[in-house]
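# Architecture and fold: a report
Chain by chain, the residues:
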Amino acid sequence: MKKKTIISAAFIISLLPMLLDQYGGRKGVQEVSGLINLFCPIGLVAVVLFIVGIWVPFKKPYIGKILGAFGPLGIVAAEIYKFFTWHVLTITGEVSLRHSIRFAFPEFYIGLAVSLAMVVAYFVIDKKLDTVPVPESEDPV
């Protein structure tokens, strides 16, 4: 239970940069919140898979670990997808690396770095807390 709580808290903390304005033409003129990363289909599925993988008990534990890993990986995929496509319908009409870089605020890169760190942290936390010895019960029953 402790591992689930720690991993879930780390995942929630890694989503906090989504609350910042990550995209736009110019600060104060046109800003788009990073929440579009979470509300796109990839982001929504990633969050659901993470919750299911962490909190639903499976007969085979590796299924939960795999589904849980899809959460942080899916968030990174959603951020990259939105990085390339958010401006297509409203501003530029084309998918372009130049436009994507030009219209991304520093907060996007911070959020992406935090999400990538969460991917690493998921596997590190999962592995370290699996190897922690559990004290045996002191009841002489």
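Here's what I pulled together on the structure shown here. On a predicted model such as this, the values are computed, not experimentally measured, just so you know.

Scanning the model with the defined rule gives two salt bridges in all. For aspartate 126, the salt bridge is made with lysine 3, and the minimal N-O distance between the two is 2.9 Å. Here aspartate 126 is found in helix H7 (residues 106-131), whereas its partner lysine 3 is found in helix H1 (residues 2-15), with 123 residues between them in sequence. Taking relative accessible area as the criterion, lysine 3 reaches 22% and is therefore assigned partly exposed. In this structure, aspartate 126 engages lysine 65 in a salt bridge whose closest nitrogen and oxygen atoms are separated by 3.7 Å. Placement of the pair is aspartate 126 in helix H7 and lysine 65 in helix H4 (residues 61-85), with a sequence separation of 61 residues. For lysine 65, a relative accessible area of 32% puts it in the partly exposed group. One network of salt bridges, with partners in common, ties together Lys3, Lys65 and Asp126.

The rules behind these values
Residues numbered from 1 in each chain as written. Predicted model: local features only at pLDDT ≥ 70, side-chain atom pairs only at ≥ 80, totals over all residues. Heavy atoms only, no water. Salt bridge = Lys/Arg side-chain N within 4 Å of Asp/Glu carboxyl O. Helix = DSSP H or I, 4+ residues; strand = E, 2+ residues; numbered from the N terminus. Buried < 20%, exposed > 50% of the residue type's maximum accessible area, 1.4 Å probe, protein only.

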